[in-house]
Every structure is written in C-alpha cells, then in structure tokens.
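Results of the structural survey
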Amino acid sequence: MDQKTETGALSSKDQHSQLVGLHAQIEACSQCRLCETRTHAVPGEGVLNPQILFVGEAPGAQEDKLGRPFIGRSGRFLDGMIQGIGLRREETFITNVVKCRPPDNRDPRPDEVSACKAYLDRQIEWLAPRVVVTLGRFSMQRWFRGERITKIHGQAVEFGTGQIAVPLFHPAAALRNPQWRAAFAEDMQIVRRLLEKLAGSE
Ligand code: URA
C-alpha cells in the first residue's frame, strides 16, 4: 500500500518505487511503432522533487544507444545552461514527450505523442517538480497549445496544483541560431529568479 503523507502526497519511498515501476514499463513499452526501431527506450533521469523538470522532444541517436536523455550535443549545451544558473544536472530531472527515438530524427507523430502521454502525466505527478521547463515546440504544445515559441518563450504560466511551466527553445534550435541561444540563456535566468522567489515564499 502506498503511504500518504499528511498533505496527501506520496512518501518519497513510494514516489521512488512508483517511478522505478513506471520506467520499467516504458522500457518494455510496445504501444506504438517506435518500439520496432528503437535500441533503448529513454524514460528519463534525475531526482525526485526536482527544482526543474526539463521536457524535451524525443531521444536522438546517442540517447537511443545508451537509454539516457540529452547526452549528445544538445545535452552538453543543456548541461552548460543548467550550470549557468548554479544547478547541476543531477539536481534536476530530464525527460522527453516521446520516450523512443523516431527513425532518422523525424518529428514525433501525433499518435506517438498520445501513446506516451500517460507516462509523462505520471512522471509529473510523482516527481512533483517545482518548475517544468519545456524544450521546443512538441513539449510546449502540452501546456501552451497553439502558441508560438518565438512569442512566448520565457513566460511562466501556472498550471494544475500550483505548478509552473516555462517554455524555452529546444537546445538544438538554440545551437543553430545565435539569437535563440542568447534567448535560451536569458530564459534560464528567468527560471533561476523564479526558483529563488519560490524558495523565498516557502
Ligand atoms: N533532443 C531531445 O529532445 N531529447 C533528447 O533526449 C535528446 C535530444
């Protein structure tokens, strides 16, 4: 039986075992065609109750090979940006909207996003992040449907039970475009200030 805390939230021991179970389910998932071409599913990695939950698009070639999120060029950029706000990757949680690599790095299809939706729902519930940072348009669509990233990046919005989502450019896009790279760094500072404010109001 799950042990509930006084606030009704799961205890961290239960949060952890729920998450381990969920990640095993993701690793064995065959709910869409991507299971036929993947090497490894990539559930995500990091800590419970992270300061930031980063939600990217889908694993790339390196991530597929090793089963870990954001470990290629985009990942190195993201790691640097996390350090730039005084955090370490290990203090966050990093995952994707779609947990398996689309072949040839094509965009995830709507039915693939839908097949993975319940996994991300559970991760958000059990991880209970302070702030969700969406990386790129696929992740942004979940919280900011129909919006344009060029218009709304860096603007925090409250959702659910007091959680906050902030849309950022995808690291790969930031690496391609110097203007978006600068915007990414500025938006991370907005996230840093937000975390400081939230910590101050506890
Ligand atoms: N791009 C993503 O969106 N996710 C990864 O894990 C790696 C690259």
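Notes on the structure follow. (Residues numbered from 1 in each chain as written. Predicted model: local features only at pLDDT ≥ 70, side-chain atom pairs only at ≥ 80, totals over all residues. Heavy atoms only, no water.)

**Focus on the pairing of strand E6 (residues 163-168)**
Consecutive residues of a regular strand have side chains that alternate between opposite faces of the sheet. The element E6 is largely enclosed, with a buried count of 6 among its 6 residues. Pairing analysis gives 3 bridges linking strand E5 (residues 157-159) to E6, with the strands arranged antiparallel. Bridge pairing links Glu158 to Ile164 in E6. Linking E5 to E6, which pair antiparallel, is a turn of 3 residues; within it Gly160 sits at a positive phi near 55°. (Buried < 20%, exposed > 50% of the residue type's maximum accessible area, 1.4 Å probe, protein only. Helix = DSSP H or I, 4+ residues; strand = E, 2+ residues; numbered from the N terminus. Pairing = 2+ DSSP bridges.)

**Looking at helix H1 (residues 12-27)**
Compared with an ideal rise of 1.5 Å per residue, which puts 16 residues at 22 Å, H1 spans 22 Å between its outermost C-alpha atoms and is within 8% of the ideal. Residues of H1 that are buried in the fold lie against strand E3 (93-96) and helix H4 (110-127). (Expected span 1.5 Å × (residues − 1). Contact = heavy atoms within 4.5 Å.)

**Description of the nonpolar core**
Membership of the largest hydrophobic core comes to 54 residues, with the highest contact counts inside it found for Phe54 and Phe184. Ranked by residues supplied to this core, first place goes to H4 with 7 residues. Leave out the neighbours within four places in its chain, and Phe54 touches Leu78, Ile82, Thr92, Phe93, Ile94, Thr95, Val133, Leu135 and Met188. (Core = buried A, V, L, I, M, F, W, Y, C linked by side-chain atoms within 4.5 Å.)

**Here we look at the packing of H1 against H4**
Contact pair H1 / H4: the axes reach a minimum separation of 10 Å and the direction vectors enclose 165°. The orientation of H1 relative to H4 falls into the category roughly antiparallel. The way H1 lies across H4 gives a crossing that is left-handed. In contact with Gln15, Gln18, Leu19, Leu22, His23, Gln25 and Ile26 of H1, H4 contributes Tyr119, Arg122, Gln123, Trp126 and Leu127. (Axes fitted to C-alpha atoms, helices over the stretch in contact; angles between N-to-C directions. Parallel < 35°, antiparallel > 145°, perpendicular 65-115°, else oblique. Left-handed = near helix turned anticlockwise from the far one by under 90°.)

**Re helix H3 (residues 73-84)**
In this model H3 runs 17 Å from its N-terminal to its C-terminal C-alpha over 12 residues, within 8% of the 16 Å that 1.5 Å per residue would give. Along H3, the positions that sit buried rather than exposed are Ser74, Gly75, Phe77, Leu78, Met81 and Ile82. Down the axis of H3, the smallest arc covering the buried residues is 160°, so these residues share one side. Residues of H3 that are exposed and angled more than 90 degrees away from the buried face: Arg73, Arg76, Gln83 and Gly84. Buried residues along H3 sit in contact with strand E2 (52-56), E3, strand E4 (131-135), helix H7 (171-176) and helix H8 (178-200). (Arc of directions from axis to C-beta.)

**Observations concerning the packing of aromatic side chains**
What the rule picks out here adds up to 3 aromatic pairs. Arranged with centres 5.1 Å apart and planes meeting at 70°, the rings of Phe77 and Phe184 form a pair that is edge-to-face. Here Phe77, found in helix H3, pairs with Phe184, found in helix H8; they are 107 residues apart in sequence, far enough to count as distant. Classification of Phe77 as buried rests on a relative accessible area of 11%. The buried category is assigned to Phe184, whose relative accessible area is 0%. Centre to centre, the rings of Phe169 and Trp180 are 4.9 Å apart; their planes meet at 10°, and the pair counts as stacked. Linking Phe169 in the loop between E6 and H7 with Trp180 in helix H8, this pair joins segments that are 11 residues apart in sequence. In this structure, Arg142 packs its charged tip against the face of Trp143, placed 4.9 Å from the ring centre. (Phe/Tyr/Trp six-rings, centres within 6.5 Å; stacked < 30°, edge-to-face > 60°. Lys NZ or Arg CZ within 6 Å of the ring centre and 35° of its normal.)

**Description of the site of the ligand**
The environment of the ligand is formed by Gly56, Glu57, Ala58, Pro59, Glu63, Pro69, Phe70, Asn96 and His170. In this structure, an oxygen atom belonging to the ligand sits 3.0 Å away from a main-chain N or O atom of Phe70. When the free accessible area of the ligand is taken as 240 Å², the share hidden by the protein chains comes to 92%. Of the residues contributing to the shell around the ligand, the split by class is 4 nonpolar, 3 polar and 2 charged. (Near = heavy atom within 4 Å. Polar contact = N/O pair within 3.5 Å; in protein donor to acceptor, adjacent residues only side chain to side chain. Areas by Shrake-Rupley, 256 points an atom, 1.4 Å probe, with all protein chains shown as cover. Nonpolar A, V, L, I, M, F, W, Y, C, P; charged D, E, K, R; others polar.)

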